[in-house]
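Chain residues, written in single-letter form:
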Amino acid sequence: RSDDASVRKRQASLMQALGDRFSSPDFLSYQASGLRVDDHETASNTNVQFNGHHTYYLQRNDGRSMKHTIRLNDTVLKVLEQMTKALAASGVAGLPKPPPPPEMPTDVAWKRNAEATNATRTGSAASEFNRMHGIIWAASRASGGGTEARRQEIDHKYDVNSNRGSSLGGFLLDLNLADIEERKASRLDATAAALVARRAYGFQSIDGTGMGWSSASLAVLLSSLMALHDEHKSALQVESFYPMRLVISYDDDATTNVDLYGGVIRLHPAATPIQWLEILQGVTEESLAELDKNQRALRANAQRVQDGVNVKLKRGLTCPSIEYHTFVKRLATWLDDDGEPLEDRAASSAVALSRLQLVVEADQACRRARLNKDGSIRVGSGMDGSAIINSLSRLSQEARGRVAERKEEVTRAKEVIALARAKLGLSWVYHETKSTVTLPELVKSLVRLLKIDSLRNQEVLKLAGQSLGITGRGHFVHLADDGSIVVPHDWV
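Read on for a plain summary of the structure.

The rules behind the values
- Residues numbered from 1 in each chain as written.
- Predicted model: local features only at pLDDT ≥ 70, side-chain atom pairs only at ≥ 80, totals over all residues.
- Heavy atoms only, no water.
- Helix = DSSP H or I, 4+ residues; strand = E, 2+ residues; numbered from the N terminus.
- Buried < 20%, exposed > 50% of the residue type's maximum accessible area, 1.4 Å probe, protein only.
- Areas by Shrake-Rupley, 256 points an atom, 1.4 Å probe, with all protein chains shown as cover.
- Pairing = 2+ DSSP bridges.
- Expected span 1.5 Å × (residues − 1).
- Polar contact = N/O pair within 3.5 Å; in protein donor to acceptor, adjacent residues only side chain to side chain.
- Contact = heavy atoms within 4.5 Å.
- Axes fitted to C-alpha atoms, helices over the stretch in contact; angles between N-to-C directions.
- Parallel < 35°, antiparallel > 145°, perpendicular 65-115°, else oblique.
- Nonpolar A, V, L, I, M, F, W, Y, C, P; charged D, E, K, R; others polar.
- Core = buried A, V, L, I, M, F, W, Y, C linked by side-chain atoms within 4.5 Å.
- Phe/Tyr/Trp six-rings, centres within 6.5 Å; stacked < 30°, edge-to-face > 60°.
- Lys NZ or Arg CZ within 6 Å of the ring centre and 35° of its normal.
- Salt bridge = Lys/Arg side-chain N within 4 Å of Asp/Glu carboxyl O.

### What to know about the overall build of the protein chain
When you go through the protein chain residue by residue, the secondary structure sums to 15 helices and 14 strands. Put simply, the protein chain has 492 residues, and 38% of those count as buried. For the protein chain, the exposed surface amounts to about 28,500 Å²; the carbon and sulfur share of it is 51%.

### Observations regarding the sheet that holds strand S13 (residues 478–479)
The sheet built from four strands is open, its strands ordered S11-S12-S14-S13 with mixed pairing. Edge positions in the sheet fall to strand S11 (428–431) and S13, since each has one partner strand and no second. As paired elements, S13 and strand S14 (residues 485–488) share two bridges and run antiparallel to each other. Paired with Leu479 across the strands is Ile485, a residue of S14.

### A closer look at helix H11 (residues 285–309)
Look at H11: 36 Å from first C-alpha to last across 25 residues, which is about the 36 Å you get at 1.5 Å a residue. All buried positions along H11 are accounted for by Ser287, Leu288, Leu291, Asn294, Leu298, Asn301, Ala302, Val305, Gln306, Gly308 and Val309. One or two residues past the end of H11 sits Asn310, with phi positive at roughly 60°.

### Quick word on the sheet that holds strand S3 (residues 206–207)
In space, the four strands of this open sheet follow the order S3-S4-S6-S5, with mixed pairing throughout. Edge positions in the sheet fall to S3 and strand S5 (258–259), since each of these pairs with one other strand and no more. Here S3 runs beside strand S4 (residues 245–248); their pairing, made up of two bridges, is parallel. Bridging from a neighbouring strand, Ile206 pairs with Leu246 of S4.

### Some thoughts on the side chain of His325
Relative to the helices and strands, His325 is located in helix H12 (residues 321–337). Taking relative accessible area as the criterion, His325 reaches 10% and is therefore assigned buried. Looking at His325, its side chain comes within polar contact range of the main-chain oxygen of Tyr261, at 3.0 Å. The residues touching His325, leaving out its near neighbours within four places in the chain, are Tyr261, Asn294, Gln295 and Leu298.

### Looking at the packing of H12 against helix H14 (residues 385–424)
What describes two packed helices is the angle between their axes and the distance between those same axes. In contact at an axis separation of 9 Å, H12 and H14 are set at 85° when each is read in the N-to-C sense. Considering the angle they form, H12 stands roughly perpendicular to H14. From H12, Phe327, Leu331 and Trp334 reach across to H14, where they touch Gly385, Ser386, Ile388 and Ile389. Each residue belonging to the contact of H12 with H14 can be placed in one class, and the counts come to five nonpolar, two polar and no charged.

### Digging into the nonpolar core
Leu222, Leu225, Phe241 and Ile265 are the most contacted members of the largest nonpolar core, which has 31 residues in total. Considering each element in turn, this core owes the most residues, six residues, to helix H9 (residues 215–232). In this structure, Phe241 is in contact with Tyr201, Gly202, Phe203, Leu236, Ile265, Leu280, Val283 and Leu288, ignoring residues within four places of it in sequence.

### Describing the packing of aromatic side chains
For the structure on display, the rule yields three aromatic pairs. In this structure, Arg448 packs its charged tip against the face of Trp491, placed 4.2 Å from the ring centre.

### Details of the pattern of salt bridges
Here the structure, examined in full by the defined rule, presents nine salt bridges. With its nearest N and O atoms 3.0 Å apart, the salt bridge here joins Arg187 to Asp481. Placement of the pair is Arg187 in helix H8 (residues 177–201) and Asp481 in the loop between S13 and S14, with a sequence separation of 294 residues. A relative accessible area of 25% means that Asp481 is categorised as partly exposed. Here Arg304 ties to Asp336 by a salt bridge, and the two come within 1.9 Å at their closest N and O atoms. Linking Arg304 in helix H11 with Asp336 in helix H12, this pair joins segments that are 32 residues apart in sequence.

### Things to note about unusual backbone geometry
For the bond from Tyr242 to Pro243, the omega torsion is 10°, close enough to zero to count as cis. Residue position: Pro243 is located in the loop between H9 and S4. Despite not being glycine, Asn310 shows a phi value in the positive range, around 60°. Positionally, Asn310 belongs in the loop between H11 and strand S7 (311–315).

Dropping the structure here:
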């Protein structure tokens with residue numbers, strides 16, 4: 001900074017010239033280590049013009065500045081040697097000579113030289129990119145043993161652009177039966193841990209399936225829950241939590257951890273045992289009495305609604321328990337105050353014949369009544385009594401038709417499942433409830449499986465004694481957490 005302005009200007013000019021020189025084709029080839037640079041090849045031969053001499057200054061270790069000169073139109077090695085000598089003269093000792101470029105593979109040397117010559121003559125950015133890409137390809141081929149060797153190293157088992165992931169035969173060929181036994185053992189451990197914890201706390205049930213954890217991890221978590229009971233049993237307010245159910249999930253949207261309408265205690269798996277204890281201490285005898293009161297009121301109101309409009313009520317997945325209780329109570333009150341006798345309403349054409357299923361969803365999830373594929377009618381918790389009755393009148397006939405079709409599909413599916421279990425020796429066949437697979441798709445998938453000749457396809461024999469699950473399109477063949485084999489219905 002203390003040098004003369006002209007010196008600083010000269011230094012800046014040199015830095016710009018060095019940047020241009022390092023971007024020249026011969027320097028790029030040298031850096032890529034794929035093209036040999038001859039000593040007699042100079043920058044002037046590449047049609048790139050540089051100033052002959054550049055004067056610059058380097059500061060020594062003792063603070064003095066030394067003047068140096070560099071010729072940028074020399075060859076790559078000579079330019080690097082000039083820079084090395086200047087640095088060594090400035091007090092930087094032990095700098096090695098610039099390494100020569102390594103030899104290229106002989107089978108691609110002529111191609112790289114030709115591409116480099118083309119890039120040098122034209123200066124085209126596209127040609128330069130193609131040349132550099134070819135150099136990298138040549139180096140990887142030389143180290144990897146060829147294209148075919150590299151392709152064999154890639155595992156296409158889960159390639160979404162191919163159907164190998166949905167190949168049942170390929171999966172069974174690589175299947176290790178020890179993995180199935182290990183997962184079955186882990187599921188038994190988790191079931192046993194849940195049974196011990198349920199009996200110790202007095203829960204009606206324990207559900208941890210919504211987390212997506214493995215059975216082995218769930219068993220460890222339940223062991224921590226048991227350790228909490230053994231250590232802090234005296235700190236609990238009740239001897240038994242029955243009839244409450246324990247749900248372990250990442251439900252961060254829940255308004256309360258203790259639901260006295262649905263009878264659920266929610267524990268977060270990431271919470272500490274002391275935080276679990278604080279939640280469990282919030283359950284008292286008064287809480288259990290209030291829960292019993294709410295449940296009895298719900299059963300009474302639901303019975304009045306089911307007898308009044310000839311439906312079977314069910315709470316949907318999106319409807320909070322308090323909204324469901326409020327809806328059932330409001331609908332029962334509306335039916336009592338409507339004026340029309342329940343006997344006449346039950347005998348009307350709108351609600352006669354078989355009892356339909358009414359699924360109550362949250363008001364935000366369902367604004368008007370809709371008909372599900374299984375024949376159930378989905379309604380919102382914010383709908384009033386007249387809207388419910390009108391919807392039943394409008395959709396009941398089509399709903400019963402779908403219920404009849406559903407029964408036929410279930411009957412046909414049971415027949416094919418029984419046949420598959422008998423022929424293939426399967427211990428259990430099921431379709432995943434949370435998938436998009438339909439019963440006709442399940443039947444079609446099992447029929448294709450039954451047509452496989454087990455004498456020619458020995459891999460099919462591995463299905464004997466196993467559980468088989470059918471899931472929707474787009475999934476890979478895989479092992480479920482309980483050890484069952486899960487295949488998409490469109491397996492190949």
